[in-house]
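Examination of the molecular architecture
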Amino acid sequence: MFGATLLLAMRQIRRHLLRSSLTTIGIIIGVAAVVTMVTLGNGLTASIQKQIASLGSDVLIAFPQQTDNNRQPRPFKQDDVIAVREQLAGVKSVAGEVNKNIHAFHNGQSWNSKVEGVSNAFMDARGIKMDQGRRFTAAEEESGANVCIVGPKVLQEIFVADVSPLGEQVRLDDVSCTVVGVFATRAQGGNNQDDDNSVFIPVKNAQRRFTGTDTIGYMVISYDPAYSGAAIQQSLIDLIRERHRLQPGEPNDFNIIDSAALNETVGSVVARLTVAVAAIAGISLLVGGVGIMNIMLVSVTERTREIGIRLAIGALAREVRMQFLTEAVVLCCFGGLIGLLLAFGLSFALAKVIDVPFVFSLSVNLLSFAFSAMMGIIFGYYPARRASKLDPIEALRHE
Amino acid sequence: MAEATSRPLIELHGITKTYGHGSAAFQALKGVSLSIARGDFVAIMGASGSGKSTMMNILGCLDTPTSGTYAFDGFEVQSLSKDQRSLLRRKYLGFVFQGFNLLSRTSALENVELPLLYRGEKKAARREAAMKSLDLVGLGPWASHTPAELSGGQQQRVAIARALVTDPQVLLADEPTGNLDTERSIEIMELLADLNRSGITIILVTHEAEMAAYARTIVRFRDGLVERIDSGQDAGAAAHA
Ligand SMILES: Nc1ncnc2c1ncn2[C@@H]1O[C@H](COP(=O)(O)OP(=O)(O)OP(=O)(O)O)[C@@H](O)[C@H]1O
Ligand SMILES: [Mg+2]
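Residues numbered from 1 in each chain as written. Chains lettered and ligands numbered in written order. Predicted model: local features only at pLDDT ≥ 70, side-chain atom pairs only at ≥ 80, totals over all residues. Heavy atoms only, no water.

**Overview of the overall build of chain A**
What counts here: For the purposes of this entry, the term helix denotes a DSSP run of H or I that reaches at least four residues, the term strand denotes a run of E that reaches at least two, and both are numbered from the N terminus. Here the term buried applies to any residue with accessible area under 20% of the maximum for its type, exposed to any over 50%, and partly exposed to those in between, with areas from a 1.4 Å probe on protein chains only. It only takes one pair of heavy atoms within 4.5 Å for two residues to be counted as in contact. Computed with the Shrake-Rupley method and a 1.4 Å probe, the accessible areas treat only the protein chains shown as cover for residues.
Along its length, chain A carries 13 helices and 12 strands. Out of the 399 residues belonging to chain A, those deemed buried represent 47%. For chain A, contacts bridging at least 24 residues in sequence account for 78% of all contacts bridging at least 6. Total accessible area computed for chain A in this model is approximately 19,200 Å², and 59% of it derives from carbon and sulfur atoms.

**Overview of the overall build of chain B**
We apply this condition: For the radius of gyration, the atom set is restricted to C-alpha positions; the globular benchmark scales as 2.2 Å times the number of residues to the power 0.38. Residues counted as positive are Lys and Arg, residues counted as negative are Asp and Glu, and His and the chain ends are not counted. Think of each charge as sitting on NZ of Lys, CZ of Arg, CG of Asp or CD of Glu.
Of regular secondary structure, chain B possesses 8 helices and 10 strands. A globule of 241 residues ought to have a C-alpha radius of gyration of about 18 Å, and chain B, at 18 Å, matches this closely. Expressed along its principal axes, the backbone C-alpha trace of chain B runs to roughly 45 × 45 × 40 Å. Out of the 241 residues in chain B, the part that is buried amounts to 53%. Taking the contacts inside chain B whose residues are at least 6 apart along the sequence as the reference set, 68% of them involve residues at least 24 apart. Carbon and sulfur atoms provide 50% of the accessible area of chain B, an area that totals close to 10,300 Å². Placing the 25 positive and 27 negative side-chain charges of chain B at their respective mean positions leaves the two points 6 Å apart.

**Examining the sheet that holds strand β10 (residues 225–231) of chain B**
All names here are of chain B. Worth spelling out the cut-off: For two strands to pair, DSSP has to find at least two bridges joining them. To obtain each axis, a line is fitted to C-alpha atoms, and for helices this fit is confined to the stretch in contact; angles are then taken between N-to-C directions over 0 to 180 degrees.
Taken together, the 6 strands give an open sheet; going across it, the order is β6-β7-β8-β3-β9-β10, and neighbouring strands pair in mixed fashion. Of all the strands in the sheet, just β6 (93–96) and β10 have a single pairing partner and so form its edges. The sheet shows a mean angle of 15° between the axes of neighbouring strands, taken without regard to direction. Relative to strand β8 (residues 201–205), strand β3 (residues 41–46) runs parallel, the two being bridged by 4 bridges. Paired with A43 across the two strands is L204, which belongs to β8. Its contacts with the sheet put helix α1 (residues 52–59) on β3, β6, β7 (170–174), β8 and β9 (217–222), and the angle it makes with β3 is roughly 145°.

**Side note on the site of ligand 1**
Definition in use: Definition of nearness: a residue and a molecule or strand are near each other if at least one heavy atom of the residue lies within 4 Å of the molecule or strand. Here a polar contact is recorded for every N or O atom pair within 3.5 Å, except that within protein the pair must consist of a potential hydrogen donor and a potential acceptor, and residues adjacent in sequence are included only if both atoms are side-chain atoms. Side-chain classes are defined by residue name, with Ala, Val, Leu, Ile, Met, Phe, Trp, Tyr, Cys and Pro counting as nonpolar, Asp, Glu, Lys and Arg as charged, and the others, Gly among them, as polar.
For ligand 1, the set of nearby residues contains 15 residues, the closest of which are R397 of chain A together with S48, K52, S53 and T54 of chain B. The environment of ligand 1 is shared, with nearby residues belonging to chains A and B. Contact between ligand 1 and S50 of chain B: an oxygen atom at 3.3 Å from a main-chain N or O atom of the residue. Within the complex, 68% of the 630 Å² of free accessible area of ligand 1 lies under protein. The element contributing the most residues to the shell around ligand 1 is α1 of chain B, with 3 residues. Of the residues contributing to the shell around ligand 1, the split by class is 4 nonpolar, 8 polar and 3 charged.

**Looking at the packing of aromatic side chains**
Convention followed: Aromatic contacts are taken between Phe, Tyr and Trp rings whose centres are within 6.5 Å, Trp giving its six-membered ring; a plane angle under 30 degrees counts as stacked, one over 60 as edge-to-face, and the others as tilted.
Under the defined criterion, the tally for this structure stands at 9 aromatic pairs over all chains. Both rings, one in F122 of chain A and one in F200 of chain A, keep their centres 6.5 Å apart while their planes meet at 90°; by these two values the pair is edge-to-face. Of the two residues, F122 of chain A is situated in helix α4 (residues 120–125) and F200 of chain A in strand β9 (residues 199–202); the sequence distance between them amounts to 78 residues. Accessibility expressed as a relative area gives 0% for F122 of chain A, which makes it buried. Owing to a relative accessible area of 0%, F200 of chain A belongs among the buried residues under this scheme. Here the aromatic rings of F75 of chain B and Y92 of chain B are separated by 6.2 Å at their centres, their planes lie at 45°, and the arrangement is tilted. Here the residue F75 of chain B occupies a position in strand β5 (residues 75–76), and Y92 of chain B occupies one in helix α2 (residues 82–92), the gap between them amounting to 17 residues. When its relative accessible area of 17% is taken as the criterion, Y92 of chain B is described as buried. Here a set of aromatic residues connected by ring pairs shows up, and it is made of F122, F183, F200 and Y218 of chain A.

**Let's talk about the interface of chain B and chain A**
For the record, the criterion: Here's the idea: put two parts together, see how much 1.4 Å probe accessible area each one loses, and the total over both is what we call buried area.
Of the residues lining the interface, 24 residues belong to chain B; the matching set on chain A comes to 24 residues. At the boundary of chain B with chain A, total buried surface from both sides reaches about 2,200 Å², with 56% on carbon and sulfur atoms. On the surface where chain B and chain A come into contact, there are 12 residue pairs in polar contact (both at pLDDT 80 or more). Mapped by element, the contributors of at least two residues to the side of chain B that touches chain A are α2 and α3 (108–118) of chain B. Of the residues in the side of chain B that touches chain A, the class split is 10 nonpolar, 5 polar and 9 charged.

**Side note on the sheet that holds strand β4 (residues 67–72) of chain B**
Residues and elements named next belong to chain B. With antiparallel pairing, 4 strands are arranged side by side in an open sheet as β2-β1-β4-β5. The sheet is open, and its two edges are formed by β2 (26–36) and β5, each paired on a single side. Contacting β1 (10–19), β2 and β4, α1 crosses the sheet at an angle of about 125° to β1.

**What to know about the pattern of salt bridges**
Residue and element names in this part refer to chain B. For clarity, the cut-off: When a carboxyl oxygen of Asp or Glu is within 4 Å of a side-chain nitrogen of Lys or Arg, the pair counts as a salt bridge.
By the definition in use, this model includes 21 salt bridges over all chains. In this structure, R222 engages E227 in a salt bridge whose closest nitrogen and oxygen atoms are separated by 3.1 Å. Here R228 and D230 are joined by a salt bridge, their closest N and O atoms 3.1 Å apart. Look at R228 and you get partly exposed, because its relative accessible area is 37%.

**Comments concerning the coordination of the magnesium ion (ligand 2)**
All names here are of chain B. The cut-off we apply is this: The donor definition counts N, O and S atoms within 2.8 Å of each metal and applies 3.2 Å to Na, K and Ca; water is not among these atoms, so some sites may look incomplete.
Protein coordination of the magnesium ion (ligand 2) is provided by S53 (OG) and Q98 (OE1), with donor distances spanning 1.9 to 2.6 Å. With S53 in helix α1 and Q98 in the loop between β6 and α3, this pair connects stretches of sequence that are 45 residues apart. For S53, a relative accessible area of 24% gives the class partly exposed.

**Section: the domain arrangement of chain A**
The criterion, for reference: Domain limits in this description derive from either an automatic procedure or a database domain assignment.
In terms of domain boundaries, chain A breaks down into domain 1 (2–50 + 267–393) and domain 2 (75–243). A C-alpha centroid distance of 56 Å is found between domain 1 of chain A and domain 2 of chain A.

**Brief notes about helix α5 (residues 152–164) of chain B**
Residue and element names in this part refer to chain B. What counts here: For a helix, the expected span equals 1.5 Å multiplied by the residue count minus one.
For α5, built from 13 residues, the straight-helix expectation of 18 Å at 1.5 Å per residue is met to within 8% by its first-to-last C-alpha distance of 18 Å. In terms of burial, α5 is largely enclosed, as 12 of its 13 residues are buried. For α5, every residue scored as buried is listed here: G153, Q154, Q155, Q156, R157, V158, A159, I160, A161, R162, A163 and L164.

**Quick look at the side chain of Q154 of chain B**
All names here are of chain B. Locating Q154 in the fold gives a position in helix α5. Judged by its relative accessible area of 13%, Q154 falls in the buried class. The contact partners of Q154, leaving out residues within four places of it in the chain, are L139 and W142.

**Overview of a nonpolar patch on the surface**
Residues and elements named next belong to chain A. The condition that has to hold: Each patch is assembled from residues with relative accessible area greater than 30% and no salt bridge, linking like charges that lie within 9 Å and nonpolar side chains (Val, Leu, Ile, Met, Phe, Trp, Tyr) that lie within 5 Å.
A cluster of nonpolar side chains, namely L18, L22, I25 and I29, defines an oily patch on the protein surface of about 410 Å² accessible area. Tracing the sequence through the fold places I25 in helix α2 (residues 17–53). Given a relative accessible area of 38%, I25 falls into the partly exposed group.

**Remarks on the pairing of β2 of chain B**
Residues and elements named next belong to chain B. Here 8 bridges tie β1 to β2, and the two strands are oriented antiparallel to one another. Across the sheet, L12 pairs through a bridge with L34, a residue of β2. Taking the residues between adjacent antiparallel strands as the criterion, β1 and β2 are bridged by 6 residues, where G20 takes a positive phi near 75°.

**A few points about the packing of α2 of chain A against helix α11 (residues 317–354) of chain A**
All names here are of chain A. Here is the rule we go by: If an angle is under 35 degrees, it is roughly parallel; if it is over 145, roughly antiparallel; if it lies from 65 to 115, roughly perpendicular; otherwise it is oblique. Should the near helix be turned anticlockwise from the far one by less than a right angle, the crossing is termed left-handed; should it be turned clockwise, right-handed.
Relative orientation of the contacting elements α2 and α11 amounts to 40°, with a least axis distance of 6 Å. Here α2 is positioned oblique relative to α11, judged by the angle of their axes. Two packed elements cross with a definite hand, and for α2 against α11 that hand is right-handed. The residue inventory of the contact of α2 with α11, partitioned by class, reads 16 nonpolar, 9 polar and no charged.

Have a look at this one:
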């Protein structure tokens with residue numbers, strides 16, 4: 001019986017193919033819009049979270065920040081790094097970073113790059129791996145030796161291909177140093193800089209030869225995941241405030257980013273935005289549903305005589321209702337299916353255009369499809385009910 | 001079935017039917033009482049507008065009387081719901097409408113299958129029974145034709161096949177020969193007479209005495225009332241009266 005009803009619905013839709021297709025356009029656009037929006041939103045979330053992940057996990061990043069009273073913030077010093085390492089429980093390692101834009105020279109070529117004063121601890125915290133060669137030795141870190149680890153971008157731009165860079169000299173502005181390693185390409189931080197276009201040297205060396213002070217740009221604190229990030233963040237704030245001699249009530253002249261918390265916040269913000277946009281797109285789905293209802297009402301009127309015949313022959317009200325409901329649902333399902341296909345192509349193309357990953361979510365697709373089928377039930381119910389309430393004699397007399 | 005002989009299959013008492021309301025109200029039936037025995041062959045005659053189709057619709061449980069009682073095989077039809085009447089129709093009755101009422105753009109076979117569909121029969125069983133029914137009315141070769149591709153007489157026979165396919169106890173036919181030539185009409189009447197001999201109760205409406213002559217009982221309507229009932233041997237003579 002259900003198979004026959006389904007077949008009948010298909011035949012009816014095929015009989016009015018143009019009308020049926022036009023009617024489903026609303027559903028098609030609605031489903032396509034919702035799925036495209038959610039898919040792009042998910043892609044955006046993934047891309048942002050990937051950028052945040054490039055900070056490292058279980059990592060706090062502290063950097064000086066101007067307060068509103070326009071006083072220059074106090075920079076962090078190497079002493080601060082040591083104090084944090086020694087005084088805070090749960091801290092695995094603390095690493096400072098200083099950087100400066102420089103020109104790198106090698107093999108008679110010059111290249112705009114950036115020198116970063118870092119330590120092995122920094123590379124650990126940021127999850128930077130080596131591609132070739134080695135890291136700094138303890139002695140090199142201690143003395144601030146003229147050794148460097150070049151980034152893959154720098155390697156590609158000014159080093160001779162197929163010749164090992166290890167042991168080669170590279171000049172950074174006026175300072176010459178020996179290449180001991182090449183770091184592996186890293187997830188991009190999304191700050192419009194190419195993180196691969198850097199040359200690492202020991203912090204001490206950077207302070208002595210490039211910045212001329214013992215200040216550091218920012219510090220990366222990696223902590224034991226057994227500890228709560230929030231608790232460590234609070235003790236870190238207390239410690240730095242104390243070291244900066246800030247009075248109670250004075251604002252922090254520094255800022256701390258917790259990669260995990262940031263990840264969560266950004267994730268939930270984008271998720272909320274996605275829901276909002278999808279809801280707006282969902283309105284077109286609703287409009288599509290009204291279109292279905294309209295065409296079903298027309299269909300019931302047109303087929304009054306047919307309904308009369310079916311009732312006269314012994315069809316029950318619910319059987320007639322089921323027939324029209326099935327037709328509406330099948331119509332909506334067709335629309336939903338085409339909408340999903342459209343959404344697939346559209347979100348794939350748009351993801352390319354706005355440069356976010358294409359994240360196909362089966363659950364989003366299934367849910368939207370189910371939703372479009374539900375539209376058929378909701379908006380098909382009234383016309384179907386109307387058909388089932390007809391009086392057989394009056395319906396038969398209908399012209 | 002044991003009590004079938006003791007009780008008429010159909011018993012009507014004081015049936016009235018009023019169409020419309022207020023000043024536009026029109027009483028098409030004005031108090032009809034009638035009994036029809038199981039296995040009878042009844043012809044309803046009467047002038048146009050005398051209430052024959054109205055009576056048939058009530059007999060066929062398609063419509064409910066305004067007042068009066070209608071017992072079909074013991075069921076009080078006037079107190080049944082719309083769905084209950086549908087169930088009664090699909091189980092016991094076959095109806096041939098005055099205007100065929102076939103589904104257009106649907107093959108003869110599928111039209112005949114329709115009542116079986118609502119009885120919940122499987123596809124193969126539907127096919128077989130519908131084919132048998134079409135063969136019975138001599139339309140086997142036309143099974144795949146749509147009503148538009150059939151003549152009036154053929155459409156009429158499809159309508160009869162559809163009414164017969166469920167093996168009804170009662171076949172109601174409203175002017176089944178109305179738009180057929182005499183030759184075709186006689187074919188149809190022979191078919192109905194055969195069915196009646198096989199045990200089906202037949203109630204038909206006709207204007208033509210020739211057709212009414214096949215019946216065992218003739219009921220004459222006039223202005224919404226039964227004017228005269230002739231049965232048995234009288235019927236043949238009464239048909240031409
Ligand atoms: N739905 C309706 N609304 C109002 N009046 C109706 C309706 N149906 C039938 N009538 C009236 O009831 C009367 C009886 O109609 P009915 O169809 O029963 O006549 P009939 O005997 O079958 O006539 P015919 O031989 O022409 O088919 C007619 O006068 C008709 O106008
Ligand atoms: Mg009539």
